[in-house]
Amino acid sequence: MKSFRNYIDGQFVRGFREFPDINPADGTVIAEVTEADRDIVDQAVQAARKAFAGSWGRLNTHERAACLHKIADAIEARFDRFVAAEVADTGKPIALASRLDVPRAAANFRVFADLIKTAPLESFQTETPDGKNALNYAVRKPRGVVGIITPWNLPLLLLTWKVAPALACGNTVVVKPSEETPATATLLSEVMKEAGIPDGVYNVVHGFGPNSAGEFLTQHPDVNAMTFTGESQTGAAIMKTVAASVKPVSFELGGKNAAIVFADCDFEETLSGISDAVFLNTGQVCLCAERVYVERPIFDRFVGALKSKAETLRMGSPLEQSTQIGPLISKQHREKVLSYYKLAREEGATVVAGGGVPQFGNALDHGCYVQPTIYTGLRESARCVKEEIFGPVCHVAPFDAEDEAIVMANDTRYGLAASIWTTNLKRGHRVAQQMNVGITWVNCWFLRDLRTPFGGVGLSGIGREGGMHSLNFYSELNNICIRL
Ligand code: NAD
Ligand code: 6OH
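Residues numbered from 1 in each chain as written. Chains lettered and ligands numbered in written order. Predicted model: local features only at pLDDT ≥ 70, side-chain atom pairs only at ≥ 80, totals over all residues. Heavy atoms only, no water.

Chemist: Could you give an account of the site of ligand 1, naming the residues involved and the relevant values?
Modeler: The immediate surroundings of ligand 1 are formed by 29 residues, with Lys176, Glu179, Thr234, Leu253 and Glu388 found nearest. At 2.6 Å, a side-chain N or O of Thr234 approaches an oxygen atom of ligand 1. Within the contact set of ligand 1, an oxygen atom lies 2.5 Å away from a side-chain nitrogen or oxygen of Glu388. In isolation ligand 1 offers 850 Å² of accessible surface; the protein chains occlude 92% of this area. Secondary-structure elements contributing two or more residues to the shell around ligand 1 are helix 8 (213-219), strand 11 (225-229) and helix 9 (232-243). Within the shell around ligand 1, the residues separate by chemical class into 14 nonpolar, 9 polar and 6 charged. (Near = heavy atom within 4 Å. Polar contact = N/O pair within 3.5 Å; in protein donor to acceptor, adjacent residues only side chain to side chain. Areas by Shrake-Rupley, 256 points an atom, 1.4 Å probe, with all protein chains shown as cover. Helix = DSSP H or I, 4+ residues; strand = E, 2+ residues; numbered from the N terminus. Nonpolar A, V, L, I, M, F, W, Y, C, P; charged D, E, K, R; others polar.)

Chemist: I'd love a proper account of the sheet that holds strand 1 (residues 2-4), names of residues and values included.
Modeler: Spatial ordering of the open sheet is given by 1-5-4, a layout of 3 strands whose pairing is mixed. Each edge of the sheet is formed by a strand with only one pairing partner; in this case those strands are strand 1 and strand 4 (17-22). Each adjacent strand pair in this sheet contributes to an overall mean axis angle of 35 degrees, direction not counted. Examined bridge by bridge, strand 4 and strand 5 (residues 29-35) share 6 bridges and lie antiparallel to one another. Bridging across to strand 5, Phe19 finds its partner in Val33. (Pairing = 2+ DSSP bridges. Axes fitted to C-alpha atoms, helices over the stretch in contact; angles between N-to-C directions.)

Chemist: Summarise the site of ligand 2; cite the residues concerned and give the values.
Modeler: Every residue near ligand 2 is listed here: Arg104, Asn153, Leu154, Leu158, Trp161, Glu252, Val285, Cys286, Phe446, Arg448 and Phe454. Here an oxygen atom of ligand 2 and a side-chain polar atom of Arg448 are 2.6 Å apart. Contact with the protein chains removes 99% of the 300 Å² of surface that ligand 2 exposes when unbound. Grouping the amino acids of the shell around ligand 2 by side-chain chemistry returns 7 nonpolar, 1 polar and 3 charged.

Chemist: So what's going on with the packing of helix 3 (residues 61-77) against helix 6 (residues 155-168)? Residues and values would help.
Modeler: Following both chains from N to C, one finds helix 3 and helix 6 inclined at 155 degrees, their axes separated by 9 Å at the closest point. Classified by the angle between their axes, helix 3 and helix 6 sit roughly antiparallel to one another. Listed contacts from helix 6 to Arg64, Leu68 and Ile71 of helix 3 are Ala164, Leu167 and Ala168. Looking at side-chain class alone, the contact of helix 3 with helix 6 contains 5 nonpolar, no polar and 1 charged residues. (Parallel < 35°, antiparallel > 145°, perpendicular 65-115°, else oblique. Contact = heavy atoms within 4.5 Å.)

Chemist: Go over helix 9, please, and point to the residues and values.
Modeler: With 12 residues, helix 9 should cover 16 Å at 1.5 Å per step; its first-to-last C-alpha distance of 16 Å lies within 8% of that length. The complete set of buried residues in helix 9 reads Ser232, Gly235, Ile238 and Val242. All buried residues of helix 9 project into a common sector of 110 degrees when viewed along the axis, lining one side. Those residues of helix 9 that are exposed and angled more than 90 degrees off the buried face are Gln233 and Lys240. Buried residues along helix 9 sit against strand 8 (145-149), helix 8, strand 11 and strand 12 (249-252). (Expected span 1.5 Å × (residues − 1). Buried < 20%, exposed > 50% of the residue type's maximum accessible area, 1.4 Å probe, protein only. Arc of directions from axis to C-beta.)

See below:
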């Protein structure tokens, strides 16, 4: 049996008890994971502090950038192992992990390696009342030890999205991956060793949230900043905990994202885009569209075509190259999604596709599968239209006027992402600019440029990461004013 240990100061360290890491495709146990208690989390934070004060803290930006490229090289050298680990932990299709998760992990390091070398400093020449001048310029310094807590849906992608800029800015990190997906964060330890990153710069603690490694990390007084991706409620709990020590936070949280499809859209391109937006990663992407608004003249045709798409998506073993839909992450999460499938019927939905559990007649019946599902006919106030489900499911509703679609799309406490589908460029811009979200795509979805601001409004988060926004979160600015 494999064992995933905590990684502290360059050593694998056993915790105080073990918990199983389960493959959601068939319910088998992949590994035992060792849980960090408060003392082990403290050791990790102290190791990170020591490394921050050591040789890592003395590297210049070019040396750090070179280190980040070496990390990317070492990830690429283990491409197949990372893919296998991510597929076993999450149940995501191997084709998806190969084209999205693992390449993005390497790209995260390369982008921030390049950016830190060219990041400009702010400066102002200030005219003083006596007719003289002062020069202001801000220098960038690392914050120190950054605590990173991540979810299970895109484990390596989301972890490295934070580790890379944190290291680029010269910080050291203690990461707490999701208890459901501990494998790739652990494998990244090996990468750090090979890339020559000094011990203590990258530390991993395993465990759960409340009264476990997650909470101990957020409570630790020597952690200088916390960055978190996960559920909005967890973000609220973390914020409460860090309030005592006034730590800066960056939160990427949940979503209940809308897609608006106009009758003048490119029908086939839109159909394919919406199918991805609803079903990619079995609907377990914070950016997924769970609300689709379609202009009435094409409503019936679009719903019919999306139904055919949903029913022909290949569901099966994540290890088969042709599989498009894998299981949900866990039995518990499947219970949650199925409770929404039941609720949708109670709320009066018409079931257009799916709505249940598939039968395979083999070991996959022990897995956490649900059918890709489409509903119509719900009121906008229905819980299934308001609450994040985080499964392969959407509700499709018709609209008659552009303004009506905008009002419905914005009628949510979340505000992460939206997508607009139209061939009318003016309308695309006009509608996009009225979306109360952090990210709007026009005629595409989840098309990423890692230099752009990424994050949400309302329940979807606090702050932005991406490009300079990440560098600004993972560093402190010291403004220096010189009277000339
Ligand atoms: P989650 O909030 O349950 O868990 C995320 C992480 O937080 C885990 O590592 C968990 O152990 C830890 N945690 C839980 N309670 C904690 C506490 N009190 N203190 C400290 N740590 C704690 O989220 P999840 O179920 O793993 O992921 C799914 C959710 O994440 C969805 O809501 C999804 O929308 C959201 N998400 C958002 C983004 C984004 O970029 N906005 C990206 C991915 C996922
Ligand atoms: C949420 O599940 C997906 C988040 C994606 C990113 O943070 C990213 O950088 O692409």
